[in-house]
Amino acid sequence: MTGDLSAFVFLMLAATVRTAAPLILCAMGGLFSERSGIVDVGLEGKMLTAAFFAAAVSAVTGSAWWGVAAAIAAAEAMALLHGLACITYRGNQVVSGVALNILAAGLTVVLGNAWFARGGQTPALDQPGQRLMPLFSPRAGDNILVYVALLSVPLTWWLLARTRFGLRLRAVGEMPLAVDAAGISVGWLRYLAVLLCGLLSGLAGAYLSIAQNAGFSRDMTAGQGFIALAAIIFGKWRPVPAFGACLVFGLLDAVAIRLQGVRVPGFGEVPVQLIQALPYLLTMFLLAGFIGRAVAPKAIGIPYEKEP
Amino acid sequence: MTGLRRSLPAWVEILVLPAINIALAFLTVGVIVMIVGVDPLQALKLLVLGAVGSPESIGYTLYYATNFVFTGLAVAVAFHGGLFNIGGEGQAYLGGLGCGVAILALDQYLPIWLMVPIAIAAAALFGAAWAAVPAWLQAWRGSHIVITTIMFNFVASALMVYLLVNVLIAPGSMTPQSRGFGPSGQLPALAGSPLNLSIVLALACCVGVWLFLWRTPWGYALRAMGHNPEAALYAGTNLRSMTMVAMCLSGALAGFVGVNELMGVHHRLVLDFPAGYGFAGIAVALMGRNHPLGVALAALLFGALQQGGAELAFDVPAITREMVVVIQGLVILFSGALVNLPRPWLAAFRPRQAP
Amino acid sequence: MPAMTAVPAIELRAIDKSFGDVHAVRAVSLTIRKGSITGLVGENGAGKSTLMSILYGLYRADSGEIRVEGERVEMGSPRDAIAHGIGMVHQHFMLIDSFTVLENLVLGAEGGFLLGRGMAAARSEVARLEREYGLSIDPDARIADLSVGEQQRVEILKVLLRGARILILDEPSAVLTPQETERLFRILGVLRDGGVTVILITHKLREVMAVTDQVFVMRQGEVVAERRTVDTTPDELAELMVGRKVRLGVDRQPARRGPALLRAEGLSLVDRHGIGLLDGIDLEVHGGEIVGIAGVSGNGQTELLQVLAGMRAPTGGTITICGRTFDAGHPGDPAERRALGLAHVPEDRLRQGLVAAFHASETSILGYQNEARFSPHHLIDRPAVRTYCAELMQRFDVRPPLPGLRSAQFSGGNQQKLVLAREISHEPKVLLVGQPTRGVDIGAIEFIHRELVRCRDRGCAILLVSVELDEILALSDRILVMSSGHIVGESAGGTASERALGLMMAGMKAA
């Protein structure tokens, strides 16, 4: 009995971490961007683009590592575009994020269809070396990116709290004018933050298509970028609580899969859709101030302008 | 970046700048088409032919444009109130639910001239209600409408799946869709295509929105709030109520997508009928500069793209329908986020005045 | 001793700067001695702040050169300025509210990638500066918890910590009580005696006379005069600033006091964090009088106007306007107030009084858009609105008189005239006026003051809030002084002395 139970707990835990890993990577990335004052509604699009290029390049080259590199490059390209719009050209950050999401949704299918002619899917990655495989436990699915995701949390915390870069990053999200007056380039800092976000959301995308799954399928992110965004808000823009939120959302997902078609005594069948909508509903409750209060960085979403 | 702020002559602001932005977007599309291995000019020809080449294709173009008018106006109205409604997708979905439920409940009893207005009102009501929740949360609880409307899209989608799978599904059906609407719940089609009477509603909405925003004191107050909430408060506007008004109007307009799609075409409740129209509304509003006339023209263009793009995808296997989505994304990027991109170039043409 | 050093601390030669079509600084040359306090005076928009921003590297001059201690330097960014020992204390503090004092101090001078060591070093430096200059501050306090005077000391510390030998202060007393200002000036004196060069940007002549060694006067982007402080007088400086003889004070008849039209009793406002902003305010304004509210900005005047105007609900007490009473349960709104005959010229015209993107004609009906003459049958009659706006513009000399121009395209003075015109033209019974001449040129100031007095003489009850003591003294029949959300004193307009008012503004009741 206890053996069964511990095995069940282990599997649930593993499933939780597995589903949470891309959320964690994405949330840590988004955290850098948002703490620097750049809203990132485009996490979803970056992750989707990265997932596509990871699978496409891995399928063509036969190497998962080239896939990872391509994922990062693709996400960075999107991040640069976002930076160009938000930082250099002081455009509306939400509009830019929405544009990137829509662009990604279209472009991945258009390119996938043109290159592989499988209705937007990439070829299945069934050759050895085309995917990132579990390192220790095939049952747990502990591929390298899971560890990277887990490591990204203390690293993000340390960078933000204990380093010069972090101090400046936090400052630029609160009051860019003060940073500028201290002789530090606001634009450069924000670009760095946006690029860090690209790096991490690129890894998250690679995780989806060449670690968790064996190939890219259209819209495979299915809102996970927004769940990561929800986790950032839920974590009140702090790394460790955001990590906690990712785990909770990951657990919800693992539970939703378990509960499919299961009847709960005295309640009846739990609608899976309810559990799927729960992260969004919880975030709305939080934002409404019913569960504590989430205070965003003060300068978030406001383009920095120097001239009078 | 000097030159981003320099004001340009009005005609440049209204005509030249948007034209350059759109041109940049389509130039990029051309590059992507080339990357995909298709001659852009050939593709353009097929696209135009597909969009307006026959009465039937024109009908399709107008039918798609109808949806874009609704969601474009929805975004524009909220925008004038300083609110960025990204929830058009969910509001359209719920609007469809509203008219669907009304028809399913009443189509056996009511004649068409009574059923149609009731169903349209129900679509508006449900769409508005779905927008009212984020609006209420922003007005009373201070949560940001951008985030809440995004979240509500997902909630709407989950809700509709649940309802169509478990509640509204036609008895004995294997696919999650409702029973067909009775004749009184169907809008007459025009010109042998999906084009239906909804286009009249869309045109009426354009005129109505224009009248409301620029000719009524409420529209005046709404625009004042959008530009400067504190000044609107000073002018005696209740910002909370006005936020609700702006978002409910916006949601109702988005909800009319349900009228066009369900009463006009599908004649039953189905899954996923908003199909990205809500998001595309952002592109339409941006391109139409948030003015009803501009929105109507932009909707026409996007309708043509949608129809022409479908034909193009049919003729050229290397291109898929999603090319239209790419174009929408690029239009939002260039006329929205990167709207300032050509500004320094234009400013360079303008001679500096001597002090 | 400092006078013996021949090399000047700062030398500017032919500095020139334009923003678009605005020529902000015109060929300015000046020399500043080491170890002195120099005043840079001028009206709003005279170019003082722009000039100093150029010296500090925030803007780049179009032409001209900067020499620091004899050496020619390029100021590409504040970093260059800091490297040359120049520090700036801005009018609006560059402090991050959610950070601690220490975090704010090290920002930009962290001393390495890891924060730990730099923070420790900064801590001991702060202790040393505290001993040397008496700048006491708790390094672990959060900025949000400090008083304005303390925050300013953090700013000065920040600059000194970076080894600044030249200190620029931009309108440092704008947010301080007279007593806090005196404390600041004592600190500046100690710094000067320690060899620091201080440049004080201000438009307050009293302060220039009290603390500086030499003065430069700027007008319309040019330095028009240089004086040793001992050789000049406030009158001379005022004349130089304005470019002609100014008459401080307005001609007016004694007040003919009518019935009380505006009354507040026990008025309180507590914000949602539980902080009291207004506490038991009692006041009464009668028809035909101007009651001035004096006080350092941020002591509840803004909130008082908002509550009286109906933009914010009070949490306690009552407001009576022309016989109608409002309280926390029935706060009313600005529209109801207007219907009773209240008009309001808000403190911040750009943020409240007008919509920058609207045409002037649209702005001219802001708040009155529902009136039948503008919106018959609930549809706005645009020709009627345009005609009305054109009339207002003619009567109040708004330039250019174009109703179709966007509100943002008018100068500050003309925007203010438009707002004032809109509010006064409705012949209000009660008029609330906040900072009527902030950012307005002298010519428009006289015009606005005359209009206010005319309005009073028509029998209107006027409540005037201003941080300019001179304005309060010139216009008011009675003066109330606000401090920390209380009314701390009252004095009759004619007899008030600045010193007595200053003491009250600092929260000390005058004997």
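Within any chain, residue numbers begin from 1 and follow the written order of that chain's sequence. Here chains are named by letter from A upward and ligands by number from 1 upward, in the order in which they appear as written. In keeping with the predicted nature of the model, local features appear solely for residues at pLDDT of at least 70, side-chain atom pairs appear and are counted solely at 80 or more, and the whole-chain, interface and lining totals rest on all residues. Only hydrogens and water are set aside when side-chain values are computed; all heavy atoms of the structure are taken into account.

Per an unreviewed UniProt entry, chain B goes by Nucleoside ABC transporter membrane protein and derives from Enhydrobacter aerosaccus. UniProt positions are given in the numbering used here, feature names are shortened, and annotations may be inferred rather than shown by experiment. In the Subcellular location (unreviewed entry) part of its UniProt record, chain B is described as follows: "Cell membrane".

By the naming in an unreviewed UniProt entry, chain A is Nucleoside ABC transporter membrane protein, taken from Enhydrobacter aerosaccus. What UniProt records for chain A under Subcellular location (unreviewed entry) is the sentence "Cell membrane".

Colleague: I would appreciate a short explanation of the overall build of chain B in the present structure.
Modeller: Labels follow the DSSP assignment, with helices taken as runs of H or I lasting at least four residues and strands as runs of E lasting at least two, numbered in each case from the N terminus. Scanning chain B for helices and strands turns up 14 helices and zero strands. Helices and strands in chain B line up, N terminus first, as α-α-α-α-α-α-α-α-α-α-α-α-α-α. For a compact globule of 355 residues, the expected C-alpha radius of gyration is about 20 Å, and chain B comes in at 21 Å, within 12% of that figure. Its C-alpha atoms give chain B principal-axis dimensions of roughly 80 × 55 × 30 Å. Here the analysis covers contacts within chain B between residues at least 6 apart in sequence; of these, 77% occur between residues at least 24 apart. Of the roughly 13700 Å² that chain B leaves accessible, carbon and sulfur atoms contribute 71%. Asp and Glu count as negative and Lys and Arg as positive, but His and the ends of the chain are not part of the count. A charged residue contributes its charge at one atom only: NZ of Lys, CZ of Arg, CG of Asp or CD of Glu. Side chains of chain B give 14 positive and 11 negative charges; the mean places of these two sets differ by 18 Å. The globule rule used for comparison is 2.2 Å times the number of residues to the exponent 0.38, while the radius of gyration itself is calculated over C-alpha atoms. Working rule for contacts: check all heavy atoms of both residues, and any pair within 4.5 Å makes them a contact. Residue exposure ignores everything except the shown protein chains as possible cover, and the areas themselves are Shrake-Rupley values with a 1.4 Å probe.

Colleague: Just to check I follow, could you spell out the overall build of chain A for this structure?
Modeller: Within chain A, the secondary structure is distributed over 11 helices and two strands. Listing each helix as α and each strand as β along chain A from the N terminus yields α-α-α-α-α-α-α-α-α-α-β-β-α. Relative to the globule expectation of 19 Å for 308 residues, the C-alpha radius of gyration of chain A, 20 Å, shows essentially globular dimensions. For chain A, contacts bridging at least 24 residues in sequence account for 76% of all contacts bridging at least 6.

Colleague: Mind showing me how you'd approach the packing of aromatic side chains here?
Modeller: Each aromatic ring pair is summarised here by two numbers: the centre-to-centre distance and the angle between the ring planes. We call Phe, Tyr and Trp rings a pair once their centres come within 6.5 Å, taking the six-membered ring for Trp, and we label the pair stacked below 30 degrees between planes, edge-to-face above 60, and tilted otherwise. What the rule picks out here adds up to 21 aromatic pairs over all chains. Ring centres of Tyr63(B) and Tyr64(B) lie 4.9 Å apart, and the angle between their planes is 40°; this geometry places the pair in the tilted category. Residues Tyr63(B) and Tyr64(B) agree in their burial class; the two are buried. On the numbers, 6.3 Å between centres and 75° between planes, the contact of Phe396(C) with Phe447(C) is edge-to-face. Throughout, exposure labels follow a simple rule: accessible area from a 1.4 Å probe, protein chains only, divided by the maximum for the residue type, with under 20% read as buried, over 50% as exposed, and the rest as partly exposed.

Colleague: Even after reading the chapter, I still don't get the UniProt feature "transmembrane region" (unreviewed entry) in chain A, so can you show me in this structure?
Modeller: Residue and element names in this part refer to chain A. UniProt annotation of "transmembrane region" (unreviewed entry) refers to residues 50–73, 94–116, 144–161, 191–210, 216–233, 240–257 and 277–296 when read in the numbering used here. Between the C-alpha atoms that bound residues 94–116 there is a distance of 33 Å. The span itself is 100% helix and 0% strand. The span residues 191–210 shows a helical share of 100% and a strand share of 0%, and its end C-alpha atoms are spaced 28 Å apart.

Colleague: Got a minute to help me understand the environment of Val272(A) in this structure?
Modeller: Residue and element names in this part refer to chain A. Note that Val272 resides in helix α11 (residues 272–287). Overall, Val272 belongs to the buried group, its relative accessible area being 12%. Counting along the chain gives 11 residues from Val272 to Gly261, while the straight-line C-alpha distance between them is 8.3 Å. What Val272 contacts, discounting residues up to four positions off in sequence, is Ala256 and Gln260.

Colleague: I'm lost on the nonpolar core in this one. Help?
Modeller: Most often, soluble globular proteins keep nonpolar side chains buried together rather than apart. Phe256(B), Leu188(C), Leu262(C) and Leu431(C) are the most contacted members of the largest nonpolar core, which has 340 residues in total. The greatest single-element share of this core, amounting to 13 residues, is contributed by helix α5 (residues 112–141) of chain B. Domain delimitation in this document rests on an assignment produced automatically or drawn from a domain database. A domain-level breakdown of this core finds at least three residues from each of domain 1 (2–242) and domain 2 (260–359 + 428–505) of chain C. The residues contacting Leu431(C), other than those within four sequence positions of it, are Ala343(C), His344(C), Val345(C), Glu423(C), Ile424(C), Leu452(C), Cys455(C), Cys460(C), Ala461(C), Ile462(C) and Leu463(C). Definition used in this section: a nonpolar core is a set of buried Ala, Val, Leu, Ile, Met, Phe, Trp, Tyr and Cys residues joined via side-chain atoms within 4.5 Å.

Colleague: So what exactly am I meant to see when it comes to the interface of chain B and chain A here?
Modeller: Accessible area lost during the coming together of the parts is what is often quoted as the interface size. Contact residues are listed per partner, giving 46 residues for chain B and 46 residues for chain A. Note on definitions: salt bridges are taken to be side-chain nitrogens of Lys or Arg within 4 Å of carboxyl oxygens of Asp or Glu. Inspection of the chain B/chain A interface yields one salt bridge. Arg218(A) serves as the salt-bridge partner of Glu322(B), at 2.8 Å between the closest nitrogen and oxygen. Throughout this description, a polar contact denotes any pair of N or O atoms lying within 3.5 Å of each other; where both atoms belong to protein, one of them has to be capable of donating a hydrogen while the other can accept it, and for residues adjacent in sequence the pair is counted only when both atoms sit in side chains. The interface formed by chain B and chain A contains three residue pairs in polar contact (both at pLDDT 80 or more). Taken together, the elements giving at least two residues each to the side of chain B that touches chain A come down to α1 (10–35), α5, α6 (145–167), α11 (277–287) and α13 (322–337) of chain B. The leading source of residues in the side of chain B that touches chain A is α6(B), at 12 residues.

Colleague: Is there a simple way to explain the sheet that holds strand β11 (residues 260–270) of chain C in this structure?
Modeller: By way of backbone hydrogen bonds, the strands of a sheet pair with one another, either parallel or antiparallel. Residues and elements named next belong to chain C. At least two DSSP bridges between two strands are required for those strands to pair. A sheet is described by the order of its strands in space; here four strands give the open sequence β12-β11-β14-β15, paired in antiparallel fashion. Every other strand in the sheet has two partners, leaving β12 (276–286) and β15 (324–327) as the edge strands with one partner each. The average angle at which neighbouring strand axes cross in this sheet is 15°, direction not considered. Summarising the sheet, β11 and strand β14 (residues 316–321) pair through five bridges and their orientation is antiparallel. Bridge pairing in β14 places Glu265 opposite Thr318. Axis definition: a line fitted to C-alpha atoms, over the contacting stretch in the case of helices. Angles run 0 to 180 degrees between N-to-C directions.

Colleague: Sorry if this is basic, but what is going on with the UniProt feature "transmembrane region" (unreviewed entry) in chain B here?
Modeller: All names here are of chain B. The sites that UniProt annotates as "transmembrane region" (unreviewed entry) are residues 12–38, 58–78, 90–106, 112–133, 145–169, 189–213, 233–257 and 323–341. Structurally, residues 12–38 is divided into 89% helix and 0% strand, and its ends, taken at the C-alpha atoms, are 34 Å apart. A distance of 24 Å separates the end C-alpha atoms of residues 90–106, which is 100% helix and 0% strand.

Colleague: Would you mind showing me how to read the environment of Val68(A) here?
Modeller: All names here are of chain A. Tracing the chain through its elements places Val68 in helix α3 (residues 64–88). Here the alpha-carbon distance between Val68 and Ser58, two residues 10 residues apart in the chain, equals 8.1 Å. Leaving out residues up to four positions away in the same chain, Val68 has contacts with Leu132, Leu203, Ala206 and Ile210.

Colleague: Got a minute to help me understand the pattern of salt bridges in this structure?
Modeller: Here the idea is simple: oppositely charged side chains can pair when their charged atoms come close. According to the stated counting rule, one finds 38 salt bridges over all chains in the structure shown. A salt bridge links Lys298(A) to Asp97(C), with the shortest nitrogen-to-oxygen separation between them at 3.2 Å. Placement of Lys298(A) in the segment after α11 and of Asp97(C) in the loop between β6 (86–89) and α3 (101–106) is noted, with the two residues assigned to different chains. Note on Lys298(A): relative accessible area 52%, which makes it exposed.

Colleague: What is the right way to look at the pairing of β6(C) in this model?
Modeller: When a strand is regular, its side chains alternate between the sheet's two faces. Residue and element names in this part refer to chain C. Where burial is concerned, the two faces of β6 agree: the one with Ile86 and Met88 and the one with Gly87 and Val89 are both buried. Strand direction decides the pairing type here: β6 and strand β7 (residues 166–170), joined by four bridges, are parallel. Each bridged residue has a counterpart across the sheet, and for Gly87 the counterpart in β7 is Leu167.

Colleague: Before we go on, may I ask you to explain the interface of chain C and chain B in this structure?
Modeller: Every contact between the two is made by 32 residues of chain C and, on the other side, 21 residues of chain B. Summed over both partners, the accessible area lost on bringing two parts together, with a 1.4 Å probe, is the buried area. Taking both sides of the interface into account, the surface hidden between chain C and chain B amounts to around 2300 Å²; carbon and sulfur atoms contribute 56%. In terms of surface lost to chain B, no three residues of chain C exceed Met311(C), Phe358(C) and Ile380(C), which account for 22% of the buried area on that side. Taken together, chain C and chain B are joined by two salt bridges.

Colleague: Just checking my understanding: could you explain unusual backbone geometry for this structure?
Modeller: Negative phi values dominate among residues other than glycine, just as trans dominates among peptide bonds. The omega torsion across Arg399(C) and Pro400(C) is -5°, close enough to zero to call that bond cis. With respect to the helices and strands, the residue Pro400(C) is situated in the loop between α13 (382–395) and α14 (412–424). Residue Arg90(A) is not a glycine yet carries a positive backbone phi of 50°. Looking at the element boundaries, Arg90(A) is found in the loop between α3 and α4 (93–116).

Colleague: Mind showing me how you'd approach the sheet that holds strand β20 (residues 486–492) of chain C here?
Modeller: Residues and elements named next belong to chain C. Across the sheet, six strands lie side by side as β16-β17-β18-β13-β19-β20; this open sheet has mixed pairing. Of all strands in the sheet, those with a lone pairing partner are β16 (342–345) and β20, marking the two edges. The average angle at which neighbouring strand axes cross in this sheet is 20°, direction not considered. Pairing analysis gives four bridges linking strand β13 (residues 290–294) to strand β18 (residues 461–465), with the strands arranged parallel. Across the sheet, the residue bridging to Val291 is Leu463, located in β18. Relative to the sheet, helix α9 (residues 301–309) contacts β13, β16, β17 (430–434), β18 and β19 (478–483), its axis offset from that of β17 by approximately 150°.

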